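Below are the chains, spelled out letter by letter.
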Amino acid sequence: MPDPAFLLAVVMVLALTAYALLGGADYGGGVWDLLATGRSAPEQRATISRAIAPVWEANHVWLILVVTILFTAFPRAFGWLSVHLHIPLMLTLLGIVLRGSAFVFRAYGPGDERFSGRWGLVFAGASTITPVLLGIIVGAITEGRFDPEASSFRSMYLAPWLTPFAISVGFFALVLFAYLAAVYLTLEATRDISDLFRARALTAGALAGVMALIVFLLAGEAPHVRASLTRSAWAVPLHVATGAAAFATAMMLWMRRFRAARVAAAAQVALIVWGWALAQYPYLIWGHVTIQSSSAPRQVLVLLLQVVAIGAVILLPALSYLFSLFGPRHVHTGTNHK
Amino acid sequence: MDSLLAARWQMGVSLAFHIIFAVIGMAMPVMMVVAEALWLRTGNATYIDLTRRWAKGTAIFFAVGAVSGTVLSFELGLLWPRFMEYAGPIIGMPFSLEGFAFFLEAIFLGIYLYGWDRVGGRVHLSAGILVAASGAFSGVFVVTANAWMNTPAGFRTVDGQVVDVNPVAAMLNPAAGAQVLHMLMAAYMAVGLAVAGIHARLLLIGREQALHRSALTVALWIGLIPALLQPVSGDFAGRVVARTQPAKLAAMEGQFETRARAPLRLGGVPDVDTRRTPYAIEIPGGLSMLAHGDADRTVTGLNDVPRENWPPVVFVHLAFQLMAAIGVFLAAVAVWGAWLAWRHRVFNSRPFLGILVLSTPLGFVAIEAGWMVTELGRQPWIVQGVMRTSEAVTPMPGLVVSLVAVTTVYVALAVIVAALIRRQVIEIHP
Ligand code: HDD
Ligand code: HEM
Ligand code: HEM
């Protein structure tokens with residue numbers, strides 16, 4: 001059997017991918033709620049809300065799964081993150097709390113404009129800020145600017161994440177999530193709204209390309225990142241595949257093949273997550289904590305793997321049932337088929 | 001305020017907030033499902049009306065429960081990183097199992113709330129049953145993790161290194177059974193009785209009799225059966241504490257002196273300076289009897305526990321008295337209710353409905369008090385006898401800031417949830 005610690009790291013990457021593709025798009029929905037303009041703004045918001053409502057809580061659990069696996073299997077990594085990234089993690093939590101609560105308050109509130117408007121704004125604002133913070137955390141782990149000898153507050157608790165690179169990853173995450181949401185939403189809406197999201201998806205896709213470039217340029221400050229992103233044997237095929245997926249998404253959007261666009265965009269984001277994970281290997285926290293150096297005793301890992309396997313057998317059919325019930329084909333507007 | 005104190009407060013505030021939503025998330029689905037099953041069986045429209053109302057309330061509570069639970073999963077590390085590095089491998093498994101339970105709960109709740117016209121009646125009901133079952137499982141798993149902190153098991157320490165970790169043995173630690181049983185019953189009784197109290201009030205002021213009678217009937221079944229049995233499971237929990245955590249038991253009872261025929265105290269305020277507990281009604285030998293099943297057995301008092309290992313005695317004692325008093329009172333209410341039900345007079349007895357109204361918050365008060373007993377009674381240990389809370393806390397300074405932020409947000413959320421439930425669920429007239 002391959003190393004159980006490695007397998008659990010793979011499971012975590014898969015769960016993170018699911019969180020990015022599903023939970024990420026829910027955040028992105030909030031971003032488009034914030035940016036909803038024009039006469040159809042209420043309808044745009046209603047479309048977003050209808051798409052998110054039945055699934056966002058399930059999508060959110062991927063994050064919890066990642067955290068519980070992290071502290072069970074890699075306790076030292078969890079301890080490290082919790083100490084040095086305390087501030088962005090705490091802010092992320094506030095964002096998660098505000099977003100989730102505001103969403104149900106709006107959905108179940110009295111429905112008058114003042115009430116919905118206010119909570120809608122909280123929902124949309126928190127949905128926009130939280131992905132930036134999540135991205136910053138990922139950026140900080142990637143850059144690995146932790147100084148074990150540090151003693152000042154700044155160097156211990158601020159320096160690791162307040163870097164141009166980490167912040168650029170934050171905005172990259174935001175743009176990617178908004179992009180995913182826009183692509184997905186083309187399938188959930190009436191013709192007019194769908195066209196609107198098509199245009200937005202194309203813009204966000206272009207912006208994501210720009211952000212990717214900025215991240216790459218700023219990675220100059222973290223030479224290992226750029227090195228692993230360019231030099232290793234898998235780098236070129238992976239970049240080619242990601243680029244191809246991005247291009248395919250744009251083509252499919254252009255041709256109004258929204259179902260195919262959805263698949264391509266998801267593939268693109270998944271490839272980005274996997275590229276990051278490969279660049280990061282074997283580190284969990286670059287330069288400081290590896291899969292091996294932080295893993296729990298072997299018998300714990302094996303047991304956890306078994307739990308994950310059994311859990312997946314129950315979970316995946318249930319999830320696919322959920323999505324089949326609330327998938328796009330149940331939007332009875334019938335306009336995106338010509 | 002130093003870091004340790006701020007961290008303890010923040011953990012306490014976060015948990016005290018979450019537990020309210022957690023128990024609602026465990027018990028409301030059971031009530032929804034019962035009402036829906038009654039509708040499917042009888043075709044009586046009152047039941048479907050009731051089901052939909054309860055479902056709406058559940059949706060609001062569930063979302064806030066989910067986000068506040070997420071906060072907790074991170075706070076375990078943000079506030080107690082050394083604890084999690086130590087305990088993660090040992091008790092991480094119940095948390096991971098809990099994660100899968102959450103998944104099922106969230107998935108089937110989505111289907112339940114939004115699938116009314118997309119799935120058939122039976123499938124819909126089954127989704128509700130799965131929500132209720134996974135809610136109960138989440139409670140079970142997380143409480144075994146807490147029980148491990150009280151009675152750590154499933155590992156050995158050799159030269160400061162943790163070896164021979166056995167997560168299954170850790171889950172099945174000595175306190176797990178008693179705590180899980182007591183907590184599950186607490187959840188159903190607190191929520192059942194709170195809902196009963198609300199509908200009793202609406203009956204008393206003359207609102208839609210049919211609806212509120214049906215609601216009251218379902219809620220009383222869910223609430224009163226565990227209420228009747230809760231003192232028994234509490235007694236069981238107490239025996240486990242006596243066997244495994246003598247300092248906690250001594251603090252609960254305000255017992256300073258180690259002695260045979262230790263008395264059971266009702267009330268009283270422990271005085272840690274004079275080491276006595278005045279103003280209590282004492283039942284001779286009662287504590288020895290309850291704790292060890294024999295009035296002549298010896299009960300360890302706090303005098304035999306080093307002073308630095310004392311939990312906050314006054315608070316733990318009073319919280320325990322409060323929980324037990326409520327437990328006995330609600331068991332009496334349950335007996336009365338059973339008698340009235342037997343004579344088919346529940347709805348006609350205004351005094352009984354009045355008592356139910358007064359009891360609305362009591363189950364929740366007992367839950368909070370019970371957790372204060374468990375958690376504060378374990379101090380100064382985060383893992384009983386193994387790791388001190390002060391060793392576990394994060395080095396991060398300035399925790400007061402996040403404490404204030406978390407508290408402010410939670411107080412605001414509590415106010416809004418209360419207002420929403422009132423306006424959108426309770427006071428709607430269909
Ligand atoms: C509806 C709520 C409720 C009611 C009426 C009671 N309890 Fe309780 N009690 C809880 C809700 C609760 C709780 C909040 O659920 C706790 C906290 C931790 C736990 O597992 O259960 C708890 C803990 C707890 C503990 C500590 C367990 C430990 O630290 O390991 C003891 C000894 C008792 N209870 C005993 C009693 C007795 C003797 C009661 C009645 C006569 C009683 N409880 C009524
Ligand atoms: C939901 C019901 C619970 C409530 C109301 C509650 C309450 C509290 C309170 C008041 C404290 C602060 C105690 C102090 O430091 O003086 C605390 C601490 C703590 N609790 Fe709980 N608790 C609950 C359940 C749990 C569970 C299920 C766990 C699972 C592992 C847990 C883990 C902790 C930890 C790690 C601490 C910090 C260390 C300590 O103070 O011992 N709690 N809790
Ligand atoms: C340290 C202690 C705890 C942690 C870390 C924790 C963690 C969580 C998390 C992450 C969720 C969100 C799941 C979702 O997204 O659906 C949640 C919800 C829930 N928790 Fe907790 N929890 C703790 C204590 C408790 C306790 C003591 C109970 C009950 C006895 C409990 C029962 C539940 C239930 C039933 C839910 C489902 C959501 C709801 O109905 O509100 N939890 N918890």
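Quick look at the structure, then. If you're wondering where the values come from, they're calculated on a predicted model, not measured in any experiment.

Looking only at helices and strands, chain A has 14 helices and two strands in total. The globule rule puts the C-alpha radius of gyration for 338 residues at 20 Å, and the 20 Å found for chain A is close to it. In terms of principal-axis extent, the alpha carbons of chain A reach across some 55 × 45 × 40 Å. Split into buried and exposed, the 338 residues of chain A put 59% on the buried side. Sequence separation of 24 or more characterises 80% of the internal contacts of chain A that already satisfy a separation of 6 or more. Per element, the accessible surface of chain A, about 13500 Å² overall, is 70% carbon and sulfur. Side chains of chain A give 22 positive and 14 negative charges; the mean places of these two sets differ by 7 Å.

Bringing the coordination of the iron atom of ligand 1 into the picture now. Residue and element names in this part refer to chain B. All of the protein donors around the iron atom of ligand 1 are H182 (NE2) and M323 (SD); their distances to the metal are 2.0 to 2.3 Å. For the iron atom of ligand 1, the six donor atoms are set out with angles of 82 to 180 degrees between them, so the coordination reads as octahedral. Residue H182 is located in helix α6 (residues 176-204), and its partner M323 is located in helix α10 (residues 313-342); the two are separated by 141 residues in the primary sequence. The same class applies to H182 as to M323, namely buried.

Here we take up unusual backbone geometry. Cis geometry is found at the peptide bond from Y281(A) to P282(A), where omega equals 0 degrees. Note on placement: P282(A) falls in the loop between α12 (258-280) and β1 (283-285). For the peptide bond that leads from Q379(B) to P380(B), omega is 5 degrees, which places it in the cis range. Examined against the element boundaries, P380(B) turns out to sit in the loop between α12 (362-376) and β7 (381-383). In this structure, R261(B) takes a positive phi of about 50 degrees despite not being glycine. Owing to a relative accessible area of 40%, R261(B) belongs among the partly exposed residues under this scheme.

A separate point is the interface of chain A and chain B. If you look at the interface, chain A gives 62 residues, while chain B gives 64 residues. In this assembly, chain A packs against chain B so that about 5500 Å² is buried in total across both faces, 82% of it on carbon and sulfur atoms. Looking only at chain A, the three residues that lose the most surface to chain B are F71(A), H86(A) and Y108(A), adding up to 12% of its buried area. Here chain A is connected to chain B by zero salt bridges. Connecting chain A to chain B are six residue pairs in polar contact (both at pLDDT 80 or more).

On to the environment of E43(A). Residue and element names in this part refer to chain A. In this fold, E43 is placed in helix α2 (residues 41-52). You can call E43 partly exposed: its relative accessible area is 40%. Put simply, E43 and G327 are 284 residues apart on the chain and 19 Å apart in space, counted from C-alpha to C-alpha. Once you skip the residues sitting within four places of it in the chain, E43 turns out to touch T190 and I193.

Moving on to the pattern of salt bridges. All names here are of chain A. Going through the model one piece at a time under the given rule, you end up with twelve salt bridges over all chains. Among the ionic pairs, E143 bridges to R145, the shortest N-O distance being 3.7 Å. For E143, a relative accessible area of 5% puts it in the buried group. For R256, the salt bridge goes to D195, with nearest N and O atoms at 2.7 Å. Remark: D195 occurs in helix α9 (residues 191-218) and R256 occurs in the loop between α11 (235-254) and α12; sequence separation between them is 61 residues. In this structure D195 comes out as partly exposed when scored by relative accessible area, which is 22%. Counted as one network, the salt bridges with shared partners bring together D33, R45 and R106.

Residues and elements named next belong to chain A. Together, F6, V10, L14, W274 and Y281 make up a nonpolar patch on the protein surface, roughly 460 Å² of accessible area in all. The biggest single contributor to the nonpolar patch is helix α1 (residues 4-34), with three residues. Mapping L14 onto the fold places it in helix α1. Owing to a relative accessible area of 47%, L14 belongs among the partly exposed residues under this scheme.

Rules of the game
Residues numbered from 1 in each chain as written. Chains lettered and ligands numbered in written order. Predicted model: local features only at pLDDT ≥ 70, side-chain atom pairs only at ≥ 80, totals over all residues. Heavy atoms only, no water. Helix = DSSP H or I, 4+ residues; strand = E, 2+ residues; numbered from the N terminus. Rg over C-alpha atoms; globule rule 2.2 N^0.38 Å. Buried < 20%, exposed > 50% of the residue type's maximum accessible area, 1.4 Å probe, protein only. Contact = heavy atoms within 4.5 Å. Areas by Shrake-Rupley, 256 points an atom, 1.4 Å probe, with all protein chains shown as cover. Lys, Arg positive; Asp, Glu negative; His and termini not counted. Charge placed at Lys NZ, Arg CZ, Asp CG, Glu CD. Donors = N, O, S within 2.8 Å, 3.2 Å for Na, K, Ca; no water. Tetrahedral: all angles 85-135°; square planar, octahedral: opposite > 155°, others 65-115°. Buried area = accessible area lost by both parts, 1.4 Å probe. Salt bridge = Lys/Arg side-chain N within 4 Å of Asp/Glu carboxyl O. Polar contact = N/O pair within 3.5 Å; in protein donor to acceptor, adjacent residues only side chain to side chain. Patch = residues over 30% accessible without salt bridge, like charges linked within 9 Å, V, L, I, M, F, W, Y side chains within 5 Å.

Any link to function would need more than the numbers given here.
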